[in-house]
Amino acid sequence: MSTLPPPADERIVIENAAIATVDAADNEYTRGHVVIAGNRIESVGEGPAPQWLQGVVRRINAEGHLVTPGLVNTHHHFYQWITRGLAQDNILFDWLVALYPTWARIDDKLVHAAAQGSAAALLKSGCTTASDHHYVFPQGGGDILGAEIEAVAELGMRFTALRGSMDRSKKDGGLPPDHAVEKTEDILIASEAAVDRYHDASFDSMLQIAIAPCSPFSVSTELMREAAVLARRKGVRLHTHGSETAEEEQFCKELFGMGPTDYFESTGWLGEDVWMAHCVHMNDSDIAKFAETGTGVAHCPSSNARLAAGIARVPDMLRAGVPVGLGVDGTASNESGELGTELRNALLINRLHGYPDALTGRKALRLGTMGGARVLGRQNEIGSIEVGKLADLALWKVDGIMHSSIADPVAALTLGALPPLALLLVNGRPVVENGNLTTVNEDRIAKAAADAARELAARA
Ligand SMILES: [Zn+2]
């Protein structure tokens, strides 16, 4: 597939659709149109598209469909696609200790196969922009970052690759085995090289890089501090795991004499260029610090449930003004790997806080679109259907057997079963049609992933 955007004078017209724009006023249209010119949204509104349009290469009668912005995934570990279904009944620390030895045997070839599986699951569930936090770089593993970037580009998804890292192993009081970590200095050199080689800061960028040491229990304090300095010198974002479990909080108190949020603050890790995965165990003061500094959160409801980590205080975060997006997390702790279903999971899990409007369907959709865009620093480019923004759109079929009797199309998406995905546009190009990837052969991806999973297991 060409990586160039479609010519600006080529238009796609979508008409007769329900549209949830997720713009600042939450505008919705019951029978509206979207016009896409090249890779940008040219027009959106109620009623048919203007009839005088030139260069229309495709006109879609979207009767019975809902158009939303493409979903944005803010936390993932693509390589875990080939270690799904393992350690099924563990909490985080035991699950990590069980899986580190397997993960430490990956290489660029296996990561390529895993990344295509993960990216395919995201695209097929309505996700147009993903980030991937890769932090396992075994010696002799080849060009792992390059392999995942190539894998995603082939599928046509907008991407933020997070150059992750671990340098605190067991011998330094950390959780990973000694052979699974890198040297601090090597990590900083490789992270800077990744930014120089790949990071594209332009408006319609398909590839950005962020710097992402893994977690307080697998990363030295020196690396946390130096990574923050490096990211700010290079003008890229910072990401890590934070406040995921009660055990992590205990670990931080014992090792650093403070909880995770205070530790992040002490290492330069609060700020509007930072987002953290999970943030389940946050007190009022932690939430206030995130809000004051504009630090973002990747809420991962399925993974938090799978690992019995707890329920993040998303309604309190939103009230305080914390930027929050959604993440599927790695598929070793969320075997589905679908982002579309996380809208419903986020809504339902946050209602367990005990009040019915904790998260509405529309707020869940906002988390999965504009919330994610803001967390990735791309709120001016993606996340809502507005004139001038990039044409990353999902067209959901809501008139089939599973949805036709649901009164509200947004409720069909956020409370019902995940609707069939009729069309997914990334940068103005169709990457999913009638539920299937258009860019690659799905059977080939499935087979390559199964082969890679078997090969990794055999390396034990
Ligand atoms: Zn994670």
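This one's a predicted model, so the numbers in the text were calculated from it and none came from an experiment. Residue positions are given per chain, counted from 1 along the sequence in the order it is written. Only residues with pLDDT of at least 70 get local features here, since the model is predicted, and only at 80 or more are side-chain atom pairs given and counted; chain-wide, interface and lining totals rely on the full set of residues. As a rule here, side-chain values cover all heavy atoms of the structure and leave hydrogens and water aside.

### Quick word on the UniProt feature "domain: Amidohydrolase-related" (unreviewed entry) in the protein chain
UniProt positions are given in the numbering used here, feature names are shortened, and annotations may be inferred rather than shown by experiment. In the numbering adopted here, UniProt assigns the feature "domain: Amidohydrolase-related" (unreviewed entry) to residues 66-403. Here a helix means four or more residues in a row that DSSP labels H or I, a strand means two or more in a row labelled E, and each is numbered from the N terminus. Note that residues 66-403 is 41% helix and 16% strand, and that its end C-alpha atoms are spaced 11 Å apart.

### Quick look at empty space enclosed by the protein
By rolling a water-sized probe across the atoms, one finds the places where empty space is left. Cavity: a set of points on a 1 Å grid over the protein atoms alone where a 1.4 Å probe fits but cannot get out. Pocket: an open set with protein on both sides within 12 Å along at least five of seven lines, its lining residues, like those of a cavity, having an atom within 4 Å of a point. Grid points are joined across faces, edges and corners, and a volume is the space filled by probe spheres set on the points. Applying the stated rule across the entire model yields three cavities of 30 Å³ or more. Estimated volume of the largest cavity: approximately 120 Å³. Lining the largest cavity are 16 residues, and of these Leu92, Trp95, Leu96, His241 and Glu244 lie nearest its centre. The element that contributes the greatest number of residues to the lining of the largest cavity is helix H1 (residues 92-103), accounting for four residues.

### Here we look at the nonpolar core
If you look at the biggest cluster of nonpolar residues, it comprises 115 residues, and the most contacted ones within it are Phe78, Leu96, Trp103, Leu123, Met157, Trp269 and Met317. Here the bounds of each domain stem from an automatic or database domain assignment. Summarising the domain contributions, this core has at least three residues from each of domain 1 (11-69 + 385-437) and domain 2 (71-375). We call two residues in contact when some of their heavy atoms are within 4.5 Å. Beyond its immediate sequence surroundings of up to four residues, Leu96 is in contact with Trp103, Leu175 and Phe217. In this structure, Ile12, Val34, Val67 and Leu423 belong to the second largest nonpolar core, which totals 19 residues. Put simply, a nonpolar core is a bunch of buried Ala, Val, Leu, Ile, Met, Phe, Trp, Tyr and Cys residues held in one set by side-chain atoms that sit within 4.5 Å of each other. Exposure classes here rest on a 1.4 Å probe applied to the protein chains alone. A residue is buried below 20% of its type maximum, exposed above 50%, and partly exposed in between.

### A look at H1
All of the buried residues along H1 are Leu92, Phe93, Trp95, Leu96, Leu99, Tyr100, Thr102 and Trp103. The arc that holds the buried residues of H1, viewed along the axis, is 165°, so those residues lie on one side. Among the structural elements, helix H6 (246-256), helix H9 (301-306) and helix H14 (442-458) are those in contact with the buried residues of H1. Arc, as used here, means the arc of the directions from the helix axis to the C-beta atoms.

### Description of the coordination of the zinc ion
Each metal site is built from N, O and S donor atoms within 2.8 Å (3.2 Å for Na, K and Ca), and since water is not included, such sites may look incomplete. Within the protein, the atoms that donate to the zinc ion are His75 (NE2), His77 (NE2), His241 (NE2) and Asp329 (OD), at distances of 2.1 to 2.4 Å. Here the donor residues of the zinc ion are spaced in sequence according to H-x1-H-x163-H-x87-D. In this pair, His241 sits in strand S10 (residues 237-242) while Asp329 sits in the loop between strand S13 (324-326) and helix H11 (340-351), placing the two residues 88 residues apart along the sequence. The residues His241 and Asp329 share a single accessibility class, namely buried.

### A short note on the domain arrangement of the protein chain
Partitioning the protein chain into structural domains gives domain 1 (11-69 + 385-437) and domain 2 (71-375). For domain 1 and domain 2, the distance between their C-alpha centres works out to 29 Å. The term salt bridge refers to a pairing of a side-chain nitrogen on Lys or Arg with a carboxyl oxygen on Asp or Glu at a separation within 4 Å. One can count five salt bridges joining domain 1 with domain 2. Ionic pairing is found between Arg362 and Asp408, a salt bridge with its closest N-O pair at 3.0 Å. Nitrogen and oxygen atoms within 3.5 Å of one another constitute a polar contact, given that in protein one can donate a hydrogen and the other can accept it, and given that sequence-neighbouring residues count only through two side-chain atoms. At the boundary of domain 1 and domain 2, one finds nine residue pairs in polar contact (both at pLDDT 80 or more). For the side of domain 1 that touches domain 2, the secondary structure elements donating two or more residues are strand S5 (65-69), strand S14 (393-397), helix H13 (409-414), strand S15 (421-426), strand S16 (429-433) and strand S17 (436-437). In this classification, Asp, Glu, Lys and Arg are treated as charged, Ala, Val, Leu, Ile, Met, Phe, Trp, Tyr, Cys and Pro as nonpolar, and every other residue, Gly included, as polar. Of the residues that constitute the side of domain 1 that touches domain 2, the class distribution is 19 nonpolar, eight polar and seven charged.

### Some thoughts on the pairing of strand S1 (residues 11-20)
Burial of S1 is extensive: nine of the 10 residues sit out of reach of the surface. Here, strands pair whenever DSSP counts at least two bridges between them. Alignment of S1 against strand S4 (residues 56-61), held across five bridges, turns out to be parallel. If you follow Glu15 over to S4, its bridge partner there is Asn61. Note: S1 against strand S2 (residues 28-37), seven bridges, orientation antiparallel. Note on S2: the bridge partner recorded for Arg11 is Ala37. When S1 meets S5, the two strands line up parallel, connected through two bridges. Note on S5: the bridge partner recorded for Ala18 is Leu66.

### Topic: the pairing of strand S8 (residues 158-165)
Most of S8 is tucked away: eight of the eight residues are buried. Burial of the side chains of S8 extends over both faces: Arg158, Thr160, Leu162 and Gly164 are buried on one face and Phe159, Ala161, Arg163 and Ser165 on the other. Chirality of the crossover, the property in question, places the unit of strand S7 (residues 127-134), helix H3 (residues 144-155) and S8 among those that are right-handed. Taken together, the seven bridges between S8 and strand S9 (residues 207-213) define a ladder with parallel strand orientation. Bridging from a neighbouring strand, Leu162 pairs with Ala210 of S9. For crossovers, right-handed means that the path from the first strand over the helix to the second runs clockwise, given strands pointing away from the viewer.

### Some details on the layout of surface pockets
Estimated volume of the largest pocket: approximately 410 Å³. Those elements giving two or more residues to the lining of the largest pocket turn out to be H3 and helix H4 (184-198).

### Some words on the pattern of salt bridges
Applying the stated rule across the entire model yields 33 salt bridges. Between Arg459 and Asp107 there is a salt bridge whose closest N-O contact spans 3.0 Å. Here Asp107 lies in the loop between H1 and helix H2 (108-124) and Arg459 lies in the segment after H14, a separation of 352 residues in the sequence. On the basis of relative accessibility, which here comes to 15%, the residue Asp107 falls in the buried class. The closest approach of N and O atoms between Arg459 and Glu455, which form a salt bridge, is 2.7 Å.

### Focus: H6
Every buried residue belonging to H6 is among Glu248, Phe251, Cys252 and Phe256, and all of these are buried. Taken down its axis, H6 places every buried residue within 95° of arc, on the same side. Where the residues of H6 are buried, they touch H1, helix H5 (221-234), S10 and helix H7 (260-266).

### Here we look at the packing of H2 against H14
Where H2 meets H14, the closest approach of the two axes is 9 Å, and the angle between their N-to-C directions is 135°. On the basis of their axis angle, the class for H2 and H14 is oblique. The way H2 lies across H14 gives a crossing that is left-handed. Contacts from Lys109, Leu110, Ala113, Gln116, Gly117 and Lys124 in H2 reach Glu442, Arg444, Ile445, Ala448, Ala449, Ala452, Glu455 and Leu456 in H14. Residues that form the contact of H2 with H14 fall into these classes: seven nonpolar, two polar and five charged. Lines fitted to the C-alpha atoms define the axes, with helices restricted to the stretch that makes contact. Angles between their N-to-C directions range from 0 to 180 degrees. An angle below 35 degrees is read as roughly parallel, one above 145 as roughly antiparallel, one from 65 to 115 as roughly perpendicular, and any other as oblique. Definitions for this section: a left-handed crossing has its near helix turned counterclockwise from the far helix by less than a right angle. A right-handed crossing has that turn clockwise.

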